[in-house]
Amino acid sequence: MIEIKVNSTIKIDGKRVKGSLLITPHKTQEIKDLEIDYPKFLKVERRTDRMWNEFLDIEMKDKVEAEITISYSLYRRPIGDISGEDFLSESRYIKFKDIPNLEGEKLTKVKNALMIIKEKMKYDKEKAKVKSASSSLRLGYGVCVNFSHAFIAMMRKNGIPARIVVGIPPGIYDAAHAWVQVKLDKHWIDVDPTAGIVTRFLPYAPWGIGEDESEVKSKIIGINPHIFEKHITEITNRS
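A few points on the structure. (Residues numbered from 1 in each chain as written. Predicted model: local features only at pLDDT ≥ 70, side-chain atom pairs only at ≥ 80, totals over all residues. Heavy atoms only, no water.)

Looking along a regular strand, one sees side chains alternate from face to face of the sheet. Where strand 1 (residues 2–21) meets strand 14 (residues 219–238), 16 bridges bridge the pair, whose relative direction is antiparallel. Bridging across to strand 14, Glu3 finds its partner in Asn237. Across 11 bridges, the pairing between strand 1 and strand 5 (residues 65–75) is antiparallel. By the bridge assignment, Glu3 is partnered in strand 5 with Tyr75. Bridge count for strand 1 against strand 4 (residues 54–60) is 5 bridges, and the pairing is antiparallel. Among the inter-strand pairings, Ser20 is bridged to a residue of strand 4, identified as Asp57. (Pairing = 2+ DSSP bridges. Helix = DSSP H or I, 4+ residues; strand = E, 2+ residues; numbered from the N terminus.)

With that settled, the discussion passes to the sheet that holds strand 13 (residues 205–210). Strand order in the open sheet made by the 5 strands is 12-11-10-8-13, with antiparallel pairing throughout. The open sheet has two edge strands, strand 12 (197–199) and strand 13, and neither has a second partner. Averaged over all pairs of adjacent strands, the angle between their axes in this sheet comes to 30 degrees, without regard to strand direction. Against the sheet, helix 1 (residues 106–120) engages strand 10 (177–184), strand 11 (187–192) and strand 12, with an angle of about 155 degrees to strand 10. Where helix 3 (residues 144–157) meets the sheet, its contacts fall on strand 8 (162–168), strand 10, strand 11 and strand 13, and the angle it forms with strand 10 comes to roughly 15 degrees. (Axes fitted to C-alpha atoms, helices over the stretch in contact; angles between N-to-C directions. Contact = heavy atoms within 4.5 Å.)

Within the secondary structure layout, Ser214 lies in the loop between strand 13 and strand 14. Looking at Ser214, its side chain comes within polar contact range of the side chain of Asp212, at 2.5 Å. Beyond its immediate chain neighbours, meaning those up to four positions away, Ser214 contacts Arg92, Tyr93 and Lys219. (Polar contact = N/O pair within 3.5 Å; in protein donor to acceptor, adjacent residues only side chain to side chain.)

Quick look at the structure:
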């Protein structure tokens with residue numbers, strides 16, 4: 001079992017800000033000592049969607065700045081099937097046009113898709129202006145979301161269920177990371193297309209799963225709203 005300790009600090013500024021934050025652990029995980037602290041003037045409600053993702057719905061009316069701190073220990077558990085979701089269809093950012101066909105057994109297709117991404121795509125935060133799978137492959141650059149969308153499209157087009165996951169790997173980060181889970185036979189396994197890793201379990205803390213990034217993204221609106229994040233993640237036990 002992998003135990004992961006997470007400490008997150010989220011600073012929000014702007015006027016009349018409201019929205020939804022996906023920054024807490026996925027409801028399928030075993031969580032210990034979860035603490036969520038925020039100022040009294042910030043209205044916060046916890047909401048769980050159909051994918052068992054927990055969002056913090058926030059509203060800040062009279063102030064221009066607020067800080068939320070979240071800490072917990074997470075015992076990494078498998079995320080199984082979600083009722084009513086097969087993760088095989090096209091979605092907002094996952095279209096099958098111009099996505100290549102893959103040969104071989106399922107695991108071979110997974111490895112071949114990773115090879116295609118390695119050959120065709122480069123990590124470039126400055127040029128990551130698109131989200132769709134086909135555009136990401138065609139342009140050949142992007143961030144973790146682009147890598148994940150391209151990989152998901154190749155999996156689904158070739159008959160393998162695939163879904164996006166967001167959360168935090170070990171280390172210090174100023175934003176969430178995206179990776180993928182694919183279903184081989186009866187089990188969902190982790191794939192990080194950005195790092196080129198396929199394994200039963202990645203030692204990452206998952207926050208949410210979805211068809212694509214549109215379902216697992218924090219969103220706020222208001223007058224000049226901004227979110228600043230810092231996440232410190234440490235593996236405290238691996239057995």
